[in-house]
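# Survey of secondary and tertiary structure
If you want the building blocks of each chain, they are given just below.
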Amino acid sequence: MYNDIKITEWLNELVFETDKKPKEFRFFGLDATIRVSRKGGTYREQNSKSHLSVHMKGESIWDNLMNRRNRPTKIWKMVGETALASLGMEEELFAKMYWNQKAGCSCSCSPAFVMPNLFGYYFSISVEADPMLEKADKELPDREPLFISDKEEALLKGTPLNV
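Summary of the structure given here. Per chain, the residues get numbers from 1 upward, laid out in the order the sequence is written. Whole-chain, interface and lining totals are the exception, using all residues; otherwise, since this is a predicted model, local features are given only for residues with pLDDT of at least 70 and side-chain atom pairs are given and counted only at 80 or more. Side-chain descriptors were evaluated using all non-hydrogen atoms of the structure, hydrogens and water having been removed beforehand.

What follows concerns the pairing of strand 1 (residues 23-27). Note: two strands are recorded as paired if DSSP finds a minimum of 2 bridges between them. For the purposes of this entry, the term helix denotes a DSSP run of H or I that reaches at least four residues, the term strand denotes a run of E that reaches at least two, and both are numbered from the N terminus. Relative to strand 2 (residues 30-38), strand 1 is paired through five bridges, and the arrangement is antiparallel. Residue pairing across strands places E24 opposite T33, the latter belonging to strand 2. Here strand 1 folds back onto strand 2, and the loop between the two strands holds two residues, one of which, F28, carries a positive phi near 45°.

Set out below in structure tokens:
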């Protein structure tokens, strides 16, 4: 449930650096930036699984709300993996990252990728809007699901878990 001390120190430095100016990277010729922040507030929030969200630059709030349930998540996962690798993060920390429509709130207003191997951080990525992203996402095959526990599977499906 806790991060390694070295990882925590390194991420805290990234929080400080990206607070002033987001880190820039490229994804298939598109300009993108990543910002890292610490989850704040309660002890529970600070020790919850990290989230990674992707936003399209130039997208209006209205577009964002209308497209909330129709996102190119396969491409976005690749964007997230590219961004985290460009920061120098070890792959094991983001390898099991999965999309959750209700990651930030129970009403599905803040979907994001959940990172079960990293706790207490929020990664926000902005990438140039390109209509080809959605087309490419539909052509990509679904990745084989990783093994997840019965409890996580029940939470993802929204079914009650018999304890």
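Turning next to the pattern of salt bridges. Salt bridges are defined as contacts in which a side-chain nitrogen from Lys or Arg sits within 4 Å of a carboxyl oxygen from Asp or Glu. Tallied over the full model, the rule gives three salt bridges. Residue E24 is joined to K21 by a salt bridge in which the shortest nitrogen-to-oxygen separation is 3.9 Å. By the burial criterion, E24 is exposed, and K21 matches it. Burial classes: relative accessible area under 20% of the type maximum marks a residue as buried, over 50% as exposed, and values in between as partly exposed (1.4 Å probe, protein chains only).

A few words on helix 1 (residues 5-20). Under the convention used throughout, the expected extent of a helix is 1.5 Å for every residue step, that is, one less than its residue count. Here helix 1 spans 24 Å end to end across 16 residues, near enough to the 22 Å set by a 1.5 Å rise per residue. When we look at burial in helix 1, the residues that qualify are I7, L11, L14, V15 and T18. Projection of helix 1 onto a plane perpendicular to its axis shows the buried side chains occupying an angular sector of 110°, all on one side. In helix 1, those exposed residues whose orientation departs by more than 90 degrees from the buried face are I5, K6, F16 and K20. By definition, residues are in contact when any of their heavy atoms lie within 4.5 Å. On its buried face, helix 1 is in contact with strand 1, strand 2, helix 4 (73-87), strand 5 (112-119) and strand 6 (121-128). Throughout, the arc means the angular range of directions from the helix axis out to the C-beta atoms.

Within the largest apolar cluster, 30 residues are counted, with the highest numbers of intra-cluster contacts made by L52, L84, M89, M115 and F123. At the level of elements, helix 1, strand 1, strand 2, strand 3 (49-57), helix 4, strand 5 and strand 6 are the ones that each hand at least two residues to this core. No other element matches helix 4, which puts six residues into this core. In this structure, F123 is in contact with L11, I34, R35, V36, S50, H51, L52, S53, L84, M89, M115 and L118, ignoring residues within four places of it in sequence. Throughout this description, the term nonpolar core refers to a set of buried Ala, Val, Leu, Ile, Met, Phe, Trp, Tyr and Cys residues connected via side-chain atoms within 4.5 Å.

Quick look at the environment of M97 now. You can see M97 is positioned in the loop between helix 4 and strand 4 (98-100). What M97 contacts, discounting residues up to four positions off in sequence, is L52, K77, G80, E81, F113, V114, M115 and P116.

Structurally, the position occupied by S53 is in strand 3. A relative accessible area of 3% means that S53 is categorised as buried. We call two N or O atoms a polar contact when they sit within 3.5 Å, provided that within protein one can donate a hydrogen and the other can accept it, with sequence-adjacent residues counted only if both atoms are side-chain atoms. Polar contacts involving the side chain of S53 include one to the side chain of Y122, which spans 2.8 Å. Once residues within four sequence positions are removed from consideration, S53 is found in contact with P111, A112, Y122, F123, S124 and I125.

Residues Y121, F123, I125 and V127 of strand 6 are buried on one face, while the alternating residues Y122, S124, S126 and E128, pointing to the opposite face, are not. The pairing of strand 2 with strand 6 spans seven bridges and is antiparallel. Across the sheet, V36 pairs through a bridge with F123, a residue of strand 6. Of the strand pairs in this sheet, strand 3 and strand 6 are connected by seven bridges, and their pairing is parallel. In the strand pairing of strand 6, H51 is matched with Y122.

To continue, consider the sheet that holds strand 4. If you walk across this open sheet you meet the six strands as 1-2-6-3-5-4, and the pairing is mixed. Edge positions in the open sheet fall to strand 1 and strand 4, since each of these has one partner strand only. Strand-to-strand twist in this sheet, taken as the mean axis angle between neighbours without regard to direction, amounts to 35°. Each axis is a line fitted through C-alpha atoms, and for a helix only the stretch in contact is used; angles between axes span 0 to 180 degrees, taken between their N-to-C directions. Its contacts with the sheet place helix 1 against strand 1, strand 2, strand 5 and strand 6, and it is angled at close to 120° to strand 2. The strands that helix 4 touches are strand 1, strand 2, strand 3, strand 4, strand 5 and strand 6; relative to strand 1, the one it contacts most, it runs at about 130°.

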